[in-house]
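Listed here are the chains, written in short residue letters.
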Amino acid sequence: MYYSETEARKLVIEAGLRLLENKLIARTWGNISARISKNELIITPSGKAYDRLTPSDLVKVKVSDCSYTGSIKPSSEKGVHAAAYALRQNVGFIIHTHQYYASAVGAECRTIRTAPCAAYALPGTTKLKKAVAEVIKNNPYQNKFLMARHGALILGSDMEEAFERADALEERCKTLVEARVNLNAAEAQSAFDTSKV
């Protein structure tokens, strides 16, 4: 099932506001897309604030080659979204977040049980698209992915499912980060053992 173009534009705008409200992105970082056909998606533009977007600011992009028409430039991560849609026919909505705790875990380039980590590559590059495509292909039952030093990519059949998965990932990563912080704090409070120096 695909969204109509009108519905996709409306939901992407709504998702942008929701990401800001839930502090899953900052400024113009991150991007959102919705699928409108087997070979087309609607995606956020490059460098525009989410709280100022209108439906006409969003860009229609082809999954097969990332081509688009018009003067508005799509997100530099359009290739990452296109790769995910090409590999997952059941995915209808994608959010790329810079959520706080997931980004912290991804900064270590760590794979966790519920979210494999794509290898590092510069944002907006073909190398990043290939790294994300590889981790999606190699983990067919996962829908939450960390991107090394670059946030997270969340796949959902629809917008609600994508947000549920983003929230679940953030909770899991928060637990991991807090456990690490508490461990380090406990070690700092312990007596300094000179025999280990």
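Given the structure is predicted, the values throughout are model-derived calculations rather than measurements.

Thresholds applied
- Along each chain, residue indices are assigned from 1 in the same order as the chain's sequence is written.
- Restriction of local features to residues with pLDDT of at least 70 applies here, the model being predicted, together with a cutoff of 80 or more for giving and counting side-chain atom pairs; totals for whole chains, interfaces and linings are based on all residues.
- Hydrogens and water are ignored here; the side-chain numbers use all heavy atoms of the structure.
- Strands are runs of DSSP state E lasting at least 2 residues, helices are runs of H or I lasting at least 4, and numbering of each runs from the N terminus.
- Taken over C-alpha atoms, the radius of gyration is set against a globule rule of 2.2 Å times the number of residues to the power 0.38.
- Exposed residues in this analysis have more than 50% of their type's maximum accessible area, buried residues have under 20%, and partly exposed residues fall in between, with area computed by a 1.4 Å probe over protein chains only.
- Here a residue-residue contact requires only that any non-hydrogen atoms of the pair lie within 4.5 Å.
- Computed with the Shrake-Rupley method and a 1.4 Å probe, the accessible areas treat only the protein chains shown as cover for residues.
- When charges are counted, neither His nor the chain ends are considered; positive counts come from Lys and Arg and negative counts from Asp and Glu.
- Each charge is placed at NZ for Lys, CZ for Arg, CG for Asp and CD for Glu.
- In short, DSSP must find at least two bridges between two strands for them to pair.
- N or O atoms within 3.5 Å of each other form a polar contact, as long as, within protein, one can give a hydrogen and the other can take it, and as long as residues adjacent in sequence are counted only when both atoms are side-chain atoms.

Engineer: Quick question: what am I supposed to make of the overall build of the protein here?
Structural biologist: Scanning the protein from terminus to terminus reveals 5 helices and 7 strands. Scanning the protein from its N terminus toward the C terminus, one meets helices and strands in the order α-β-β-β-α-β-α-β-α-β-β-α. Whereas a compact globule of 197 residues would reach a radius of gyration of roughly 16 Å, the protein reaches 18 Å, a difference of no more than 12%. Projected onto its principal axes, the C-alpha positions of the protein cover 70 × 35 × 25 Å. Sorting the 197 residues of the protein into buried and exposed places 46% on the buried side. For the protein, restricting intrachain contacts to residue pairs at least 6 apart in sequence, the fraction spanning at least 24 positions comes to 63%. In the structure as shown, the protein presents an accessible area of about 10300 Å², 51% of it carried by carbon and sulfur atoms. Across the protein, the mean location of the 27 positive side-chain charges is 6 Å away from that of the 21 negative side-chain charges.

Engineer: Just to check I follow, could you spell out the sheet that holds strand β4 (residues 93–97) for this structure?
Structural biologist: Picture the strands of a sheet paired through backbone hydrogen bonds; they go either parallel or antiparallel. Strand order in the open sheet made by the 7 strands is β3-β2-β1-β4-β7-β6-β5, with mixed pairing throughout. Unpaired on one side and paired on the other, β3 (59–62) and β5 (117–118) mark the two borders of the sheet.

Engineer: For this particular structure, what's the right way to read the environment of K10?
Structural biologist: Structurally, K10 can be placed in helix α1 (residues 5–21). For the pair formed by K10 and T54, sequence separation is 44 residues and the distance between their alpha carbons is 8.6 Å.

Engineer: Sorry, what's going on with the side chain of S33 here?
Structural biologist: Along the chain, the position of S33 falls in strand β1 (residues 31–37). Within the local environment of S33, its side chain forms a polar contact with the side chain of H81, the two groups lying 2.7 Å apart. Side-chain polar atoms of S33 contact the side chain of Y85, separated by 2.8 Å. Beyond its immediate sequence surroundings of up to four residues, S33 is in contact with V12, L41, I42, I43, H81, Y85, G92, F93 and I94.

Engineer: Just checking my understanding: could you explain the pairing of β4 for this structure?
Structural biologist: Regular strands show a simple pattern: their side chains alternate between the two faces of the sheet. Among the 5 residues in β4, 5 count as buried, and that is most of the element. Burial along β4 is two-sided: F93, I95 and T97 and I94 and H96, pointing in opposite directions, are all buried. Inspection of the sheet shows β1 paired to β4 by 4 bridges, in the antiparallel sense. Counterpart to A34 in the pairing with β4 is F93. Relative to strand β7 (residues 152–156), β4 runs antiparallel, the two sharing 5 bridges. Across the sheet, residue T97 finds its bridge partner in β7, namely A152.

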